[in-house]
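Here are the chains, one letter per residue:
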Amino acid sequence: MLMNLLGGKALPASELARAARVTPQTASSHLAKMVEGGLLVHESYGRHRYYRLASAEVGQALEALNAIAPPKPVRSLRKSDQSKALHFARTCYDHIAGEVGVALTHRLLALGLLHEEGRDFAVPIDGAKWFRDFGINLDEIRRGRRHFARQCLDWSERRHHMAGALGAALTTRLFDLGWIDRIPGGRAIQVTEHGFRGLSQEFGITFDDDWKQAK
C-alpha cells in the first residue's frame, strides 16, 4: 500500500486494498495503524476516505528501503514492461527518479549548477541564475518550510537523485514544459519527444533509440 502511494497521489482505501490483495477490513486496520504511526494522513470525501504519504521524508525512507530490498521476480511480459518503465523514469513522491532523475541530477552537478554539501545539494551563484532562467523561483522555494534540496538514494540506479523542494520544483517545471508526462495507472513517467530534445539540448543528456521508439 505504501509503494502505491509513493507516486504522491492520494488513493482511496478500496484501491489500496486491491493493490495489497487484502480485504477492505484488513486494509482499514493497517491504514489506521500507519496513520497513527505518522506514515500516512487521510482526508474524507463523502463516504470515501483517501490516504497519502504524510510527508516527503516518508517517501525518501521508502525509496531508501527499496534500495536494500531484494528484487522482485518478474513473471510476465506486462510486469517486465512496467518494471522497465519504473527503472527509466518515475515519481518518488513529488520529484523525478529512475535513470532520468539520476542522469539529470548528475548532469547538474557536472555543469556546476549544483554541488554536494553533506547529505544535501546546494546551488552556487551560476546555478541560481540558471534555475531562474529555466523558470524556477529559488527565492520562493527557500521561503518555504520544506527541506531545500536533499540527496535521495535511488533504489534502481543505486545513486542519488535530487529530492526536497528544489527537486519537486524542477519536476513540476518539466511537466509544465511538456518534457515528461505521466503513464496512467502508476507512478512511471514517460519522456516525450519534446523532452528528449530538451534534455539533449539543455543538458547534453541522451538515451538510446529503444526508449524513444517505445514512447
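The structure we're discussing is the one just above.
Residues numbered from 1 in each chain as written. Predicted model: local features only at pLDDT ≥ 70, side-chain atom pairs only at ≥ 80, totals over all residues. Heavy atoms only, no water.

A. Highlighting the pattern of salt bridges. Summed over the entire model, instances satisfying the criterion amount to six salt bridges. Two residues, Glu43 and Arg52, come together in a salt bridge whose shortest N-O distance is 3.9 Å. Under the relative-accessibility criterion, Arg52 is labelled partly exposed at 31%. Across the pair Arg146 and Asp94 runs a salt bridge whose closest N-O atoms are separated by 2.6 Å. Placement of Arg146 in the loop between α7 (138-143) and β8 (151-153) and of Asp94 in the loop between β4 (90-92) and β5 (95-97) is noted, with a sequence separation of 52 residues between them. The partly exposed category is assigned to Arg146, whose relative accessible area is 30%. Bridged by salt links that share partners, the residues Glu63, Arg90 and Asp154 form one connected network. (Salt bridge = Lys/Arg side-chain N within 4 Å of Asp/Glu carboxyl O. Buried < 20%, exposed > 50% of the residue type's maximum accessible area, 1.4 Å probe, protein only. Helix = DSSP H or I, 4+ residues; strand = E, 2+ residues; numbered from the N terminus.)

B. Fine view of empty space enclosed by the protein. Across all of its chains, the model carries one cavity of 30 Å³ or more by this definition. Taken as a whole, the largest cavity spans an internal volume of roughly 60 Å³. Forming the walls of the largest cavity are His95, Ile96, Gly101, Leu104, Thr105, Leu108, Met162, Gly167, Leu170 and Thr171. Among the elements of the structure, β5, α5 (98-110) and α8 (164-177) are those that each provide at least two residues to the lining of the largest cavity. Considering each element in turn, the lining of the largest cavity owes the most residues, four residues, to α5. (1 Å grid on protein atoms, 1.4 Å probe; cavity = no way out; pocket = protein on both sides within 12 Å on 5 of 7 lines; lining within 4 Å. Points joined across faces, edges and corners; volume = space filled by probe spheres on them.)

C. Up close: the sheet that holds strand β1 (residues 11-12). Across the sheet, three strands lie side by side as β1-β3-β2; this open sheet has antiparallel pairing. In this open sheet, the two strands that pair with only one neighbour each are β1 and β2 (40-45). As defined by bridge partners, β1 adjoins strand β3 (residues 48-53) across two bridges and the pair is classed as antiparallel. What sits directly across from Leu11, in β3, is Tyr51. (Pairing = 2+ DSSP bridges.)

D. Spatial organisation of the state of the cysteines. Taken as a whole and assessed by the stated rule, the structure comprises zero disulfides. Not part of a disulfide, Cys92 finds its nearest cysteine sulfur in Cys152, a span of 4.1 Å. Taking relative accessible area as the criterion, Cys92 reaches 0% and is therefore assigned buried. Owing to a relative accessible area of 2%, Cys152 belongs among the buried residues under this scheme. (Disulfide = S-S within 2.5 Å.)

E. Structural context of the layout of surface pockets. Roughly 1600 Å³ of internal volume is contained in the largest pocket. Around the largest pocket, the lining is made up of 34 residues, and of these Asn4, Lys72, Lys79, Gln82 and Leu86 lie nearest the centre. Counting only elements with at least two residues in the lining of the largest pocket, the list comes to α1 (13-20) and α4 (77-88). Here the lining of the largest pocket takes seven residues from α4, the largest share from any one element. Considering only residue class, the lining of the largest pocket consists of 16 nonpolar, nine polar and nine charged. Roughly 160 Å³ of internal volume is contained in the second largest pocket. Surrounding the second largest pocket, Glu57, Gln60, Ala61, Ala64, Arg119, Arg150, Gln151, Cys152, Leu153 and His160 form its lining. Of all the elements in the fold, those that place two or more residues in the lining of the second largest pocket are α3 (56-68) and β8. Top element by residues in the lining of the second largest pocket is α3. It accounts for four residues. Here the residues of the lining of the second largest pocket are counted per class, giving four nonpolar, three polar and three charged. (Nonpolar A, V, L, I, M, F, W, Y, C, P; charged D, E, K, R; others polar.)

F. Structural context of the nonpolar core. Ranked by size, the top nonpolar core spans 33 residues in total, and within it Leu108, Phe131, Leu138, Leu166 and Leu199 carry the most contacts. Of all the secondary-structure elements, those providing two or more residues to this core are α5, α6 (125-133), α7, α8, β11 (189-191) and α9 (193-203). Setting aside anything within four residues of it in sequence, one finds Leu166 in contact with Leu114, Val123, Phe131, Ile136, Leu138, Ile141, Phe148 and Ala149. (Core = buried A, V, L, I, M, F, W, Y, C linked by side-chain atoms within 4.5 Å. Contact = heavy atoms within 4.5 Å.)

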